[in-house]
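Structural characterization, general
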Amino acid sequence: MAPTSYQICVLPGDGIGPEVIDCARQVLEALKDTEDGPGFQFDEHLVGADAFEASGEAITDAVIDECKAADAVLVGAMDVARLPANARQPLRTLRQSLEVGASIRPARTFAGVEARCDHIDTLVVREVTEGIYSGIEYAAGPDAACSVRLITRGASTRTAKIAFAEAQKRRRKVTAVHKLGALKLTDSLFLEACRDVGKDYPDVEFETRNIDACALEMVRHPEEFDVILATNTFGDILSDIAAGLACGLGLAPSGCVGERWAYFEPVHGTAPDIAGKGIANPLAAILSAALMVRHLGELKSADRIEQAVEAVLAAGAPRTGDLGGDAGSAEVRDAVLAELASS
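Residues numbered from 1 in each chain as written. Predicted model: local features only at pLDDT ≥ 70, side-chain atom pairs only at ≥ 80, totals over all residues. Heavy atoms only, no water.

**Quick word on the sheet that holds strand β12 (residues 262–266)**
Two orientations exist for strands paired in a sheet by backbone hydrogen bonds: parallel and antiparallel. The strand order β2-β1-β3-β12-β11-β4-β5-β10-β8-β9 describes an open sheet built from ten strands, whose pairing is mixed. Unpaired on one side and paired on the other, β2 (39–44) and β9 (205–210) mark the two borders of the sheet. Strand-to-strand twist in this sheet, taken as the mean axis angle between neighbours without regard to direction, amounts to 25°. Bridging between strand β5 (residues 121–126) and strand β10 (residues 227–230) involves four bridges; their strand directions are parallel. (Pairing = 2+ DSSP bridges. Helix = DSSP H or I, 4+ residues; strand = E, 2+ residues; numbered from the N terminus. Axes fitted to C-alpha atoms, helices over the stretch in contact; angles between N-to-C directions.)

**Some points on the packing of helix α1 (residues 17–30) against helix α9 (residues 283–295)**
α9 packs onto α1 with a crossing angle of 45° between their chain directions and a minimal axis gap of 8 Å. Relative to α9, the element α1 is oriented oblique. When the axes of α1 and α9 are compared, the crossing they make is right-handed. Judged by residue contacts, Val-20, Ile-21, Cys-23, Ala-24, Val-27 and Leu-28 of α1 engage Ala-285, Ile-286, Ala-289, Met-292 and Val-293 from α9. Taken together, the residues of the contact of α1 with α9 sort by class into eleven nonpolar, no polar and no charged. (Parallel < 35°, antiparallel > 145°, perpendicular 65-115°, else oblique. Left-handed = near helix turned anticlockwise from the far one by under 90°. Contact = heavy atoms within 4.5 Å. Nonpolar A, V, L, I, M, F, W, Y, C, P; charged D, E, K, R; others polar.)

**Some details on the state of the cysteines**
The full count for this structure, using the stated rule, is zero disulfides. Free cysteine Cys-67: the closest other cysteine sulfur is in Cys-9, separated by 3.8 Å. With no disulfide of its own, Cys-214 has Cys-194 as its nearest cysteine by sulfur position, at a separation of 13 Å. (Disulfide = S-S within 2.5 Å.)

**Examining a nonpolar patch on the surface**
Taken together, the side chains of Ile-136, Tyr-138, Val-148 and Leu-150 define a hydrophobic patch exposed on the protein surface, amounting to about 310 Å² of accessible area. Looking at where Tyr-138 falls in the secondary structure, it is placed in strand β6 (residues 137–139). (Patch = residues over 30% accessible without salt bridge, like charges linked within 9 Å, V, L, I, M, F, W, Y side chains within 5 Å. Areas by Shrake-Rupley, 256 points an atom, 1.4 Å probe, with all protein chains shown as cover. Salt bridge = Lys/Arg side-chain N within 4 Å of Asp/Glu carboxyl O.)

**Some remarks on the environment of Arg-195**
Among the structural elements, Arg-195 can be located in helix α6 (residues 184–198). According to the relative accessible area criterion, Arg-195 is partly exposed, its value standing at 41%. Linking Arg-195 and Ser-97, residues 98 residues apart in sequence, is a C-alpha distance of 27 Å. When near neighbours in sequence (up to four residues on either side) are disregarded, Arg-195 contacts Phe-206 and Thr-208. (Buried < 20%, exposed > 50% of the residue type's maximum accessible area, 1.4 Å probe, protein only.)

**Observations concerning the side chain of Glu-207**
Along the chain, the position of Glu-207 falls in strand β9. Take Glu-207: its relative accessible area is 17%, and that puts it in the buried class. A polar side-chain atom of Glu-207 sits 2.7 Å from a polar atom in the side chain of Thr-175. Residues contacting Glu-207, with those up to four places away along its chain left out, are Lys-173, Val-174, Thr-175 and Ala-176. (Polar contact = N/O pair within 3.5 Å; in protein donor to acceptor, adjacent residues only side chain to side chain.)

Nothing here speaks to function; it is all geometry.
Here is the structure:
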């Protein structure tokens, strides 16, 4: 039986995005040489701040159509801060167009890598289409501006379903975070939707915590958390806390998933200060590619990628500067490829 082949739409992004995404792409290409490994065909498009400066558009409808036609999308960091306020926001457009229900952001410690806690293995499931990041902002006079926090039952329910389903694959616990004291209407609606979904998952423990208490307890007792379910902004912040407690953003992957489409990206930013120097850590991008492969149902291949990364980290070298080493991106990529070849 011939190995499966997948069409992947690649949006390399800005800054270090193209460098680390290229490393991930080479790891994906190497899977065809492993037992029962799938093949990949890549279709690459310029999206982000560099695209806007080159063409006047940060993302086009044609690119969205290509993303929808692909089996999955692999995305590099985009420097959205460089875009003018009236520009089409590429990540928001991507999330809304692909109808993703949540961003899933795993964070865990790795053997051989110094972390800020003894052990953390958590998954932040974050709603990514609304909340404070919904893009509803307006001037309220010459010296004031407003941002609307939009929370809907539909989006909250979609995200909660993904969180509970992920918890069933893990330790069967969901912690929904909120700030009811200050956000009575919006967070009441969010929690109500979460509780309603939880009724369909009687085997999963459900609890709620204030956002500030959750952040504190993550630092003090990270082992208590399995799946953290959050609205957009809260999830954005808590996922970075989890990554910082684990091994840093250089090892933090993510995926935005929905019923039909999905895209995958490292959590870190564009790091313009080191762009083009070949020293960025490619492992978050490679681990994001592993999440994508797992989403496609290629579980053995996803395990191979993750085990190759684990072996390189456990060996202690090569490592990029963020992990205390002096290796370049290519060295780390080649070490992962060597482990993959021997698996």
